[in-house]
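Listed below are the residues making up each chain.
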Amino acid sequence: MRATLERAHLLKPLSHVQRIVERRNTIPILSNVLIEADGAALVLKATDLDVELVETVEAAVDQPGALTVPAHMLHDIVRKIPEGARIALETNPDGSTMTLTAGRSRFALQMLPQSDYPDITGGEFSHRFRLPAADVKWLIDRTQFAISTEETRYYLNGIYFHTVDTGGETMFRAVATDGHRLAQAQVAAPEGSAGMPGIIVPRKTVGELQRLMDDPEAELTVELSDTKIRTSFANVVLTSKLIDGTFPDYDRVIPKNNGKIMHVDRVDFASAVDRVSTVSSERGRAVKLSLNDGALTLSVINPDSGTATDELVVDFDADPLDIGFNSKYLLDITSQLSSENATFALADPGSPTLIHDGDAEKTLYVLMPMRV
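Remarks on the packing of helix α1 (residues 7–20) against helix α2 (residues 71–80)
Between two packed helices, what matters for the description is the angle formed by their axes and the separation of those axes. Where α1 meets α2, the closest approach of the two axes is 9 Å, and the angle between their N-to-C directions is 145°. Judged by the sense of rotation from one axis to the other, the crossing of α1 with α2 is left-handed. Packed against α1, whose contacting residues are R7, L10, L11, L14, S15 and Q18, the element α2 presents A71, H72, L74, H75, V78 and R79 at the interface.

This is the structure:
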């Protein structure tokens with residue numbers, strides 16, 4: 001194999017595929033990136049056996065072929081080569097090394113046989129639809145923070161994507177929860193998605209999709225099977241196994257009859273929570289909200305460091321209420337809101353609270369209270 005291309009054209013796909021490769025591998029071939037040269041393009045592929053990323057880039061191919069070399073090392077080499085340089089990749093006659101040449105720099109990297117490289121993309125995909133990449137990124141941005149990191153509850157270690165019928169309209173919905181908070185966002189369902197199986201997309205795949213979708217005008221093609229998802233856009237194809245588990249019936253924890261409504265300026269509220277939580281303990285992070293006749297008092301008591309209070313004017317005319325929350329969780333949720341006002345629907349100090357963006361129906365958040 002022999003191919004040449006601009007440094008910038010190689011660095012971008014390499015930076016994408018090397019993120020898939022785990023730093024520590026018990027299977028040597030999984031530390032490598034597969035590079036295939038054919039026609040006028042290089043195809044780069046990386047996998048960890050759960051996620052596979054394939055990206056195509058234009059190149060001048062003098063001799064077609066394929067090779068595998070260490071992904072992180074190749075990325076570091078290309079990253080350190082001066083901008084504007086042309087890079088030549090060539091397999092040596094003995095077939096055991098690849099030579100990379102750029103200007104006066106020359107590197108020889110050990111190869112492993114490309115025939116040993118695994119492929120996880122096989123199988124039939126039963127559902128196929130297209131939707132704007134901006135919609136998928138928006139759904140991920142609004143829900144990703146609530147993904148659980150608790151490995152024992154593996155079925156919560158991703159975002160649950162599914163379709164629902166609400167008010168005669170089919171919506172494409174994303175839900176994530178860690179048991180303490182729940183995030184839900186939805187957009188109009190794309191044609192072809194109706195009847196799709198509910199799927200749990202793993203945290204790593206969600207993060208890669210979020211980083212890859214840097215073109216808001218792009219369209220994303222989604223293909224689904226019972227065990228895999230494949231997404232394609234521009235010159236990138238990301239295939240991933242799905243989490244094999246049942247997502248809980250999240251609708252049961254969404255409050256339906258919380259009658260104590262508070263409207264508060266979103267920015268002022270987030271600033272006040274941030275201020276008083278400065279003295280909270282790292283472990284508890286508890287902040288107490290005291291509501292009484294149009295006023296909200298936020299307070300934190302930390303026996304080890306001190307106390308803090310702050311007061312805001314709010315729209316609230318229900319019975320007085322004291323309720324505690326994890327301040328970090330409050331800030332996580334308010335950072336997802338975009339309206340001027342945040343709406344809190346409360347019940348009592350021991351029941352979950354519903355938070356949403358003004359009167360918006362595209363997102364909602366549920367937060368469990370803390371004892372304070």
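There is more to say, and it comes next.
Let's talk about the environment of D332
Of note, D332 is situated in helix α6 (residues 327–334). With 292 residues separating them in the primary sequence, D332 and A40 have C-alpha atoms 46 Å apart. Beyond its immediate stretch of four places on either side in the chain, D332 contacts F145 and R181.

Here's the deal with the packing of helix α3 (residues 133–143) against helix α4 (residues 203–212)
In contact at an axis separation of 10 Å, α3 and α4 are set at 130° when each is read in the N-to-C sense. Put simply, α3 runs oblique to α4. In this structure, the crossing between α3 and α4 has a hand that is left-handed. From α3, K137, I140 and D141 reach across to α4, where they touch V206, L209 and Q210. Each residue belonging to the contact of α3 with α4 can be placed in one class, and the counts come to three nonpolar, one polar and two charged.

Some details on the pairing of strand β7 (residues 86–91)
Summarising the sheet, strand β1 (residues 2–6) and β7 pair through five bridges and their orientation is antiparallel. Bridged to E6 within β7 is R86. Both β7 and strand β8 (residues 97–102) contribute to a ladder of four bridges, which runs antiparallel. Within the sheet, the bridge partner assigned to E90 lies in β8 and is T99.

Remarks on the sheet that holds β8
Paired through their backbone hydrogen bonds, the strands of a sheet run either parallel or antiparallel. Read across the open sheet, the five strands follow the order β5-β1-β7-β8-β9; overall the sheet is antiparallel. The open sheet has two free edges, formed respectively by β5 (60–63) and β9 (105–110), since each of these has just one partner strand. Between one strand axis and the next, the sheet turns through 15° on average, direction left out of account. Against the sheet, α1 makes contact with β1 and β7, and its axis sits at roughly 95° relative to β1, the strand it touches most.

What to know about the side chain of R173
Residue position: R173 is located in strand β12 (residues 169–177). Although R173 is buried, it makes no salt bridge; D251 carries the closest opposite charge, 5.3 Å away. Within the structure, R173 has its side chain in polar contact with the side chain of Q186 (distance 2.8 Å). Beyond its immediate sequence surroundings of up to four residues, R173 is in contact with Y160, F161, H162, V164, T166, Q184, A185, Q186 and Y250.

Brief notes about the pattern of salt bridges
This model, assessed by the stated rule, comprises 20 salt bridges. Of the charged contacts in the structure, one is a salt bridge between D141 and K137, with a shortest N-O distance of 3.3 Å. Of this pair, D141 and K137 both sit in helix α3, four residues apart, which is roughly one turn of the helix. Among the residues examined, D141 registers a relative accessible area of 24% and is labelled partly exposed. One salt-bridge network, in which partners are shared between bridges, spans D178, R181, K328 and D332.

As for α1
With 14 residues, α1 should cover 20 Å at 1.5 Å per step; its first-to-last C-alpha distance of 21 Å lies within 8% of that length. Among the 14 residues that make up α1, ten are buried, leaving the element largely enclosed by the rest of the structure. By the burial criterion, the buried members of α1 are R7, L10, L11, P13, L14, S15, H16, V17, Q18 and I20.

Side note on the nonpolar core
Counting residues in hydrophobic clusters, the biggest one holds 101 residues, and the most contacted among them are L42, L74, F269 and L298. With five residues, the single largest contributor to this core is α1. Apart from the residues lying within four places of it in its own chain, the contact partners of L298 are F269, A272, V273, V276, V287, K288, L289, A308, T309, D310 and L312. Residues M171, V175, I254 and V366 belong to the second largest nonpolar core, which totals 15 residues.

A look at the sheet that holds strand β3 (residues 41–47)
Spatially, the eight strands line up as an open sheet ordered β6-β2-β3-β4-β17-β16-β15-β10, and their pairing is antiparallel. Among the strands making up the open sheet, the edge pair consists of β6 (65–70) and β10 (127–132). The mean inter-strand angle of the sheet, taken between neighbouring strand axes irrespective of direction, is 15°. Bridging between strand β15 (residues 219–224) and strand β16 (residues 228–233) involves four bridges; their strand directions are antiparallel. Paired with E223 across the strands is R230, a residue of β16. On the sheet, α1 packs against β2 (32–38), β3, β4 (51–58) and β17 (236–241) and is oriented at approximately 175° with respect to β4. The strands touched by α3 within the sheet are β10 and β15, with β10 carrying the most contacts at an inclination of about 90°.

Calculation criteria
- Residues numbered from 1 in each chain as written.
- Predicted model: local features only at pLDDT ≥ 70, side-chain atom pairs only at ≥ 80, totals over all residues.
- Heavy atoms only, no water.
- Axes fitted to C-alpha atoms, helices over the stretch in contact; angles between N-to-C directions.
- Helix = DSSP H or I, 4+ residues; strand = E, 2+ residues; numbered from the N terminus.
- Left-handed = near helix turned anticlockwise from the far one by under 90°.
- Contact = heavy atoms within 4.5 Å.
- Parallel < 35°, antiparallel > 145°, perpendicular 65-115°, else oblique.
- Nonpolar A, V, L, I, M, F, W, Y, C, P; charged D, E, K, R; others polar.
- Pairing = 2+ DSSP bridges.
- Buried < 20%, exposed > 50% of the residue type's maximum accessible area, 1.4 Å probe, protein only.
- Lys, Arg positive; Asp, Glu negative; His and termini not counted.
- Salt bridge = Lys/Arg side-chain N within 4 Å of Asp/Glu carboxyl O.
- Polar contact = N/O pair within 3.5 Å; in protein donor to acceptor, adjacent residues only side chain to side chain.
- Expected span 1.5 Å × (residues − 1).
- Core = buried A, V, L, I, M, F, W, Y, C linked by side-chain atoms within 4.5 Å.

Taken by themselves, the reported measurements are silent on function.
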